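# Commentary on secondary and tertiary structure
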Amino acid sequence: MKYVSIIVDLPVKQVNQTFSYHIPEKLEETIGLGKKVIVPFGPRKIEGYIVEIKKQVEFETKPIIKVASDYSLFDQELLELAEWMANYYQCYLISALKAIIPSGKQRVKTKRVVNLAQSDQETNEIISQLEKRAPKQAAVLFYLVKNPAQQLITTNLAKKVNTSSGTIRRLFKKGLIDYNKEEVKRIPYQDTNFKKTTPLAPTPEQEVALSEIKAAINSQLDTTFLLKGVTGSGKTEVYLQSISEVLSQGQEAIVLIPEIALTPQTIARFKGRFGKQVAVLHSQLSSGERFDEWRRIKEGKAKIAVGARSAIFAPFSNLGLIVIDEEHETTYKQEDHPKYHAREVAVKRAKLNQAVTILGTATPSLESYYRAQKEEYKLLELSKRIEDRPLPKVELVDMRQELEAGNKQMLSRSLEKEIKARLEVDEQVIIFLNRRGFSTFVQCRKCGYVMECDECDVSLTYFSQSQILKCNYCDFTTKIPEECPDCGSSYIKYFGVGTEKVERALQEIFPEANIARMDRDTTTKKGAYQRILSSFSAGEIDILVGTQMIAKGHDYPNVTLVGVITADTALNLPDFRASERTFQLLAQVAGRTGRGAKAGQVIIQSYTPEHYSIQQAKEHDYQSFYEQEIIFREEMEYPPVTHLINIIVSDKSEDKTIKVAQRLGEIINAKLKDTADKQLLGPVQAPLSKIRGEYRWQLLLKGRNLEELRQLNQMSLQELEEVKELKSVKISIDIDPIGVL
DNA sequence: AGCACGCCGACT
DNA sequence: GTCGGCGTGCTC
């Protein structure tokens, strides 16, 4: 008799372990590691994944009911990677596995949402009947009447009215609610024709980098390179020729690109060189298309996977190279569980395969450069742009002096003058707005009242097109009030320098110019993002105004001026990465110009131009920036010198949240007593103190040894579980958080 | 998670 | 007494 170990598809602590089953004879042929199966589990049937095939078993077993996938969804190597992730990021193995296997795959992705089974009126009657006998059920129905079209699944609904899933099941049994399968839709991706490209002759610097990389590829050691190359220095050509080398060894390659830069232009560069051998994996593919690409990789038809974060799990069997472009980008860190960082996973996966990793960027993350300094990574530099084009000249404008000189506009005199000059010679301009950390909000000018979301601790964002106020954290939307809800005054005003405001101001000064705007507001519609960029690239737009999304990877040879309206908004955030982000952003934005034959110019407006992150960005001097920033990190004991674990405690009850956070704090502190190399910050109210009606408190663990921190964290949480009455409170762990905001 | 089991207050 | 809600524990 053959047996298997199964991980069941339930992200719950109690079943975060393997369960043994036996294989009925007729399924023996189709069984295998990584197959999805249906198994009996208590009184019901659930999905699970085979993680081991074995001959003996120490339990009385039930049989597997059926095999639910044609393919093995992961092999031994990817299973090992999942186990590493589960341990490193402290998540359930099933969560790590589900991050690895193709998402949206075989079947259309659906969620089971709860609906009322009768009209609101009838429901209201039922509520009054139930209220006494079954207050919880009445509360659930009441919630559904009050919040139609919220499309909640059982668990979330139960949480909303503070009850268990059992209550909802009882309502279903009574026929008062029913379940609807709701499709999670995806936007299809259109393929284009790709022009064939041939390898370019490398510059001397590229030559050096390539020879080192090729040597590493041939040595079969898991070397990690940090390829630090200024914008426009030809990093992509290095990637392409490295991939060629790997292919000639009969091995495969993965290329990660930030989602936002995964445009047809970027894909064309890889498809143009390697044609059909390239599989593209990103979130905008339909589930069918994505699964097709996944199968091409699995079957060995594609040798190169190009994609966003999750492409790091491409199912290759002989991986030789992983490239991470723009390695400093924070989008490589997954926001929800498992909160993995693709860069860390890549280095681990390379190790499992004796593969080479190339981390490419103009502005390395402090983490990567720190490791390069310690020679954990090998540093390769491309300091010159192709054809020796100069880096753009950067001018800093002190906005305080502008104001003193009587200019109250948001455009400095010098930026206005330069824009005018470009328009006269038909060159293009990009105006960049660093909006991270604040958005347009609505405030009463009389009493200062700010419109906020009831469920979340944030001010509502103003969308002028639709004349509404919206919460960025939940789906709450509302109309702009005529009067202040607090004092009744009608002096309600919209604040914040939005892209829209900049656009309008520019249009006023330059009525003749064609101005387009790109931000979340204008790119929500399908394909809008592409449309704006291609029209800009075709020269139909003179000035493009936008947020972070225009800072990434495109080549516009006719752009000769980039203006940054406010360089320092991110600097004022209470986050230890504030300077790093500011420097990276300014350097990236500056890189958008001067990429053609014409020289480029950058004007940065700032209220704190003396800050080193801004000064060093002006000089294009990463090295100096790093040296100054690492001193700050050393002093404050922040990453990359230390590791962090962010613990978020959240619950609908503020009282319970605080109690749990404080109890956890006590437990940790007791364990920290005689250690100097680890510390606990908090518990404190989280910077976002309330999201979707849940209160949030935060604890931050800091220390040089991550393994020790992790153990401390685990032991403390275990001890916390003994406090029974506080068990329902949610605790979320973030290992190596990107920010603590 | 989601199912059965068993305790306990309310009501023909 | 019995009906049904709600907390608890278990799933190879």
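Quantities reported herein were computed from a predicted structural model and do not represent experimental measurements.

## Observations regarding the overall build of chain A
Secondary structure summary: chain A contains 21 helices and 30 strands in total. The C-alpha radius of gyration computed for chain A amounts to 28 Å, which stays within 12% of the reference 27 Å derived for 741 residues, consistent with globular compactness. Principal-axis analysis of the C-alpha atoms places the extent of chain A at approximately 80 × 75 × 60 Å. Scored against the burial criterion, the 741 residues of chain A give a buried share of 54%. Look at the contacts in chain A between residues 6 or more apart in sequence, and 74% of them connect residues 24 or more apart. As displayed, chain A offers around 35200 Å² of accessible surface, 48% of which is attributable to carbon and sulfur atoms. Counting 103 positive and 98 negative side-chain charges, chain A places the averaged centre of each group 5 Å from the other.

## A few points about the sheet that holds strand S3 (residues 36–41)
Reading across from one edge, S5-S2-S1-S4-S3-S6 is the order of the 6 strands in this open sheet, with mixed pairing throughout. Each end of this open sheet is capped by a strand with a single partner; those strands are strand S5 (62–63) and strand S6 (66–67). Across 5 bridges, strand S1 (residues 3–8) lies against strand S2 (residues 18–22) in antiparallel orientation. Paired with Ile 7 across the strands is Thr 18, a residue of S2. Across the sheet, helix H2 (residues 93–100) lies against S1 and strand S4 (44–54), angled at about 90° from S1, the strand it touches most.

## Some words on the domain arrangement of chain A
When the domains of chain A are assigned, the result is domain 1 (3–100), domain 2 (110–183), domain 3 (204–388), domain 4 (393–440 + 496–633) and domain 5 (643–735). On a C-alpha basis, the centres of domain 1 and domain 5 stand 31 Å from each other. Carbon and sulfur atoms make up 45% of the area that domain 1 and domain 5 hide from each other, which totals about 580 Å². Interface area lost by domain 1 to domain 5 is led by Lys 13, Tyr 88 and Gln 90, which between them contribute 77%. On inspection of domain 1 and its partner domain 5, the count reaches 0 salt bridges. For the pair domain 1 and domain 5, the interface holds 3 residue pairs in polar contact (both at pLDDT 80 or more).

## Some thoughts on the UniProt feature "binding site: Zn(2+) 2" (unreviewed entry) in chain A
In the numbering adopted here, UniProt assigns the feature "binding site: Zn(2+) 2" (unreviewed entry) to Cys 453, Cys 456, Cys 471 and Cys 474. With respect to the helices and strands, Cys 456 occurs in the loop between strand S18 (441–444) and strand S19 (461–463).

## Some remarks on the pairing of strand S26 (residues 601–606)
In terms of burial, S26 is a largely internal element, 6 of the 6 residues being buried. In S26, alternate side chains face the same way, and those of Gln 601, Ile 603 and Gln 605 on one face and Val 602, Ile 604 and Ser 606 on the other are all buried. Direction of pairing for strand S16 (residues 393–398) relative to S26: parallel, over a ladder of 6 bridges. Along S26, the bridge assignment pairs Lys 393 with Gln 601.

## Side note on the packing of helix H3 (residues 120–133) against helix H4 (residues 135–146)
In contact at an axis separation of 7 Å, H3 and H4 are set at 155° when each is read in the N-to-C sense. Looking at the two axes, H3 sits roughly antiparallel to H4. The handedness of the crossing between H3 and H4 comes out as left-handed. Facing H3, whose interface residues are Asp 120, Thr 123, Asn 124, Ile 126, Ile 127, Leu 130, Glu 131, Lys 132 and Arg 133, H4 presents Pro 135, Gln 137, Ala 138, Leu 141, Phe 142 and Val 145. When the residues that make up the contact of H3 with H4 are grouped by side-chain class, the tally is 8 nonpolar, 3 polar and 4 charged.

## Focus on the pattern of salt bridges
In a structure, side chains of opposite charge can pair up when their charged atoms sit close to one another. By the definition in use, this model includes 32 salt bridges. For Asp 292, the salt bridge is made with Arg 295, and the minimal N-O distance between the two is 3.2 Å. Taken as a pair, Asp 292 and Arg 295 lie in helix H10 (residues 287–298) at a separation of 3 residues, close to a single helical turn. Look at Asp 292 and you get partly exposed, because its relative accessible area is 40%. We classify Arg 295 as partly exposed; its relative accessible area is 30%.

## Brief notes about the protein's contact with DNA strand C
Ser 20, Gly 42, Lys 62, Arg 170 and Lys 174 are the nearest of the 20 residues found near DNA strand C. A distance of 2.6 Å separates a base oxygen of DNA strand C from a polar atom in the backbone of Ser 20. Here Arg 170 contributes a side-chain N or O atom positioned 3.1 Å from a base nitrogen of DNA strand C. Contributions of two or more residues to the surface near DNA strand C are made by S2, S3 and H4.

## Points about the nonpolar core
A general feature of soluble globular proteins is that nonpolar side chains tend to end up buried together. With 112 residues, the main nonpolar core has Phe 74, Met 85, Phe 313, Val 345 and Ile 668 as its most contacted residues. For this core, the leading source of residues is helix H1 (residues 76–88), giving 8 residues. Not counting residues within four places of it along the chain, the set of residues in contact with Met 85 comprises Gln 90, Cys 91, Ala 96, Ala 99, Ile 100, Phe 313, Pro 338, Tyr 340 and Val 345. Counting 32 residues, the second-largest nonpolar core is a separate cluster that includes Ile 217, Phe 225, Ile 257 and Leu 382.

## With respect to helix H21 (residues 706–721)
Compared with the 22 Å implied by 1.5 Å per residue over 16 residues, the 23 Å span of H21 between its first and last C-alpha is a close match. Burial in H21 covers these residues: Leu 706, Leu 709, Arg 710, Leu 712, Asn 713, Ser 716, Leu 717 and Leu 720. Across the axial projection of H21, the buried residues extend over an arc of 160°, all falling on one side. Among the structural elements, H1, strand S27 (643–651), helix H20 (654–672), strand S28 (678–691), strand S29 (694–703) and strand S30 (730–735) are those in contact with the buried residues of H21.

## Some remarks on the side chain of Ser 365
Note that Ser 365 resides in the loop between strand S14 (356–361) and helix H12 (366–373). In this structure the side chain of Ser 365 is engaged in a polar contact, spanning 2.9 Å, whose partner is the side chain of Glu 327. Not counting chain neighbours up to four residues away, the residues in contact with Ser 365 comprise Glu 327, His 328, Arg 343, Glu 580, Gln 584 and Tyr 622.

About the thresholds
Residues numbered from 1 in each chain as written. Chains lettered and ligands numbered in written order. Predicted model: local features only at pLDDT ≥ 70, side-chain atom pairs only at ≥ 80, totals over all residues. Heavy atoms only, no water. Helix = DSSP H or I, 4+ residues; strand = E, 2+ residues; numbered from the N terminus. Rg over C-alpha atoms; globule rule 2.2 N^0.38 Å. Buried < 20%, exposed > 50% of the residue type's maximum accessible area, 1.4 Å probe, protein only. Contact = heavy atoms within 4.5 Å. Areas by Shrake-Rupley, 256 points an atom, 1.4 Å probe, with all protein chains shown as cover. Lys, Arg positive; Asp, Glu negative; His and termini not counted. Charge placed at Lys NZ, Arg CZ, Asp CG, Glu CD. Pairing = 2+ DSSP bridges. Axes fitted to C-alpha atoms, helices over the stretch in contact; angles between N-to-C directions. Domains from an automatic or database assignment. Buried area = accessible area lost by both parts, 1.4 Å probe. Salt bridge = Lys/Arg side-chain N within 4 Å of Asp/Glu carboxyl O. Polar contact = N/O pair within 3.5 Å; in protein donor to acceptor, adjacent residues only side chain to side chain. UniProt positions renumbered as here; feature names shortened; annotations may be inferred. Parallel < 35°, antiparallel > 145°, perpendicular 65-115°, else oblique. Left-handed = near helix turned anticlockwise from the far one by under 90°. Nonpolar A, V, L, I, M, F, W, Y, C, P; charged D, E, K, R; others polar. Near = heavy atom within 4 Å. Core = buried A, V, L, I, M, F, W, Y, C linked by side-chain atoms within 4.5 Å. Expected span 1.5 Å × (residues − 1). Arc of directions from axis to C-beta.

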